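Observations on the model geometry
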Amino acid sequence: MKYYTCEYCFNEFEPKRRRVQKYCSATCRSKAYHLRKSNQNKTADLTPITTTMHTALPPPPLPKTKIESISTAGIGNAAAGSLLADSIKSIFTPLDNKPATKADFKLLSDKLTKRYHLVKNIPTRQDGALPYFDMETGNVVYMRGRV
Ligand SMILES: [Zn+2]
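First things first, this report covers the structure right here in the doc.

1. Focus on the overall build of the protein
Within the protein, the secondary structure is distributed over three helices and five strands. Along the protein, helices (α) and strands (β) appear in the sequence β-β-α-α-α-β-β-β when read from the amino end. Within the protein, the fraction of its 147 residues that count as buried is 4%. Once local pairs closer than 6 in sequence are excluded, the contacts in the protein between residues at least 24 apart make up 23%.

Below, the structure is given as structure tokens:
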């Protein structure tokens, strides 16, 4: 005698009818039917989630590091940049490396707002005038004595 396995409770049973019987009893058939229905609902509910899980989002594009190039419009700007950088470096590299004080910031502010800055890599003129970078015009101007 051939035995069937109930598709709901997985117990073996002897088929009472000739046609293929999937379940051992009407109870199992009914429960299986309801289970299948609820599974279908679940499957329907889960579909978007599953899709989301399997459809991996492409990694966000790496933020492009924008490197601001120093304006090469005028050599004066570059000179001013290095000049200011030197000034800032000298201000913020005190002997004992202590944090910047209010006085330091005042000095820095003065340096940044000052119009004329002595240019160190341009030789002094024959008449003794010193080269200064004019922050307002972007020109190097010669002046006698320190500004
Ligand atoms: Zn059963």
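Now, onward.
2. Quick look at the pairing of strand β4 (residues 130-134)
When strand β3 (residues 116-118) meets β4, the two strands line up antiparallel, connected through three bridges. Note on β4: the bridge partner recorded for His117 is Phe133. In the sheet, β4 pairs with strand β5 (residues 140-143) via four bridges, with the strands oriented antiparallel. What sits directly across from Leu130, in β5, is Met143. Hairpin geometry of β4 and β5 is characterised by an intervening segment of five residues between the two adjacent antiparallel strands and by a positive phi of about 80 degrees at Gly138.

3. Side note on the sheet that holds β5
Sheet architecture is open: three strands sit in the order β3-β4-β5, paired in antiparallel fashion. Each end of this open sheet is capped by a strand with a single partner; those strands are β3 and β5. The average angle at which neighbouring strand axes cross in this sheet is 40 degrees, direction not considered.

4. With respect to helix α3 (residues 102-113)
With twelve residues, α3 ought to run about 16 Å at 1.5 Å a step, and its terminal C-alpha atoms sit 16 Å apart, in line with that. The buried fraction of α3 amounts to zero of the twelve residues, a small share that puts the element mostly on the outside.

5. Describing unusual backbone geometry
With a phi angle near 60 degrees, Phe10 is a residue other than glycine that sits in the positive phi range. Following the sequence through the fold, Phe10 ends up in the loop between β1 (4-5) and β2 (12-13). Residue Phe10 is classed as exposed on the basis of its C-beta count, with 9 C-beta atoms lying within 10 Å.

6. Looking at the environment of Ala129
When you line up the elements, Ala129 lands in the loop between β3 and β4. Accessibility expressed as a C-beta count within 10 Å gives 13 for Ala129, which makes it partly exposed. As for Ala129 and Gly145, which are separated by 16 residues in sequence, their C-alpha atoms are 6.7 Å apart. In contact with Ala129, other than residues within four places in its own chain, are Tyr142, Met143 and Arg144.

Conventions and cut-offs
Residues numbered from 1 in each chain as written. Predicted model: local features only at pLDDT ≥ 70, side-chain atom pairs only at ≥ 80, totals over all residues. Helix = DSSP H or I, 4+ residues; strand = E, 2+ residues; numbered from the N terminus. Buried ≥ 20, exposed ≤ 12 C-beta atoms within 10 Å, placed from the backbone. Contact = placed C-beta atoms within 7 Å. Pairing = 2+ DSSP bridges. Axes fitted to C-alpha atoms, helices over the stretch in contact; angles between N-to-C directions. Expected span 1.5 Å × (residues − 1).

These figures capture arrangement, not role.
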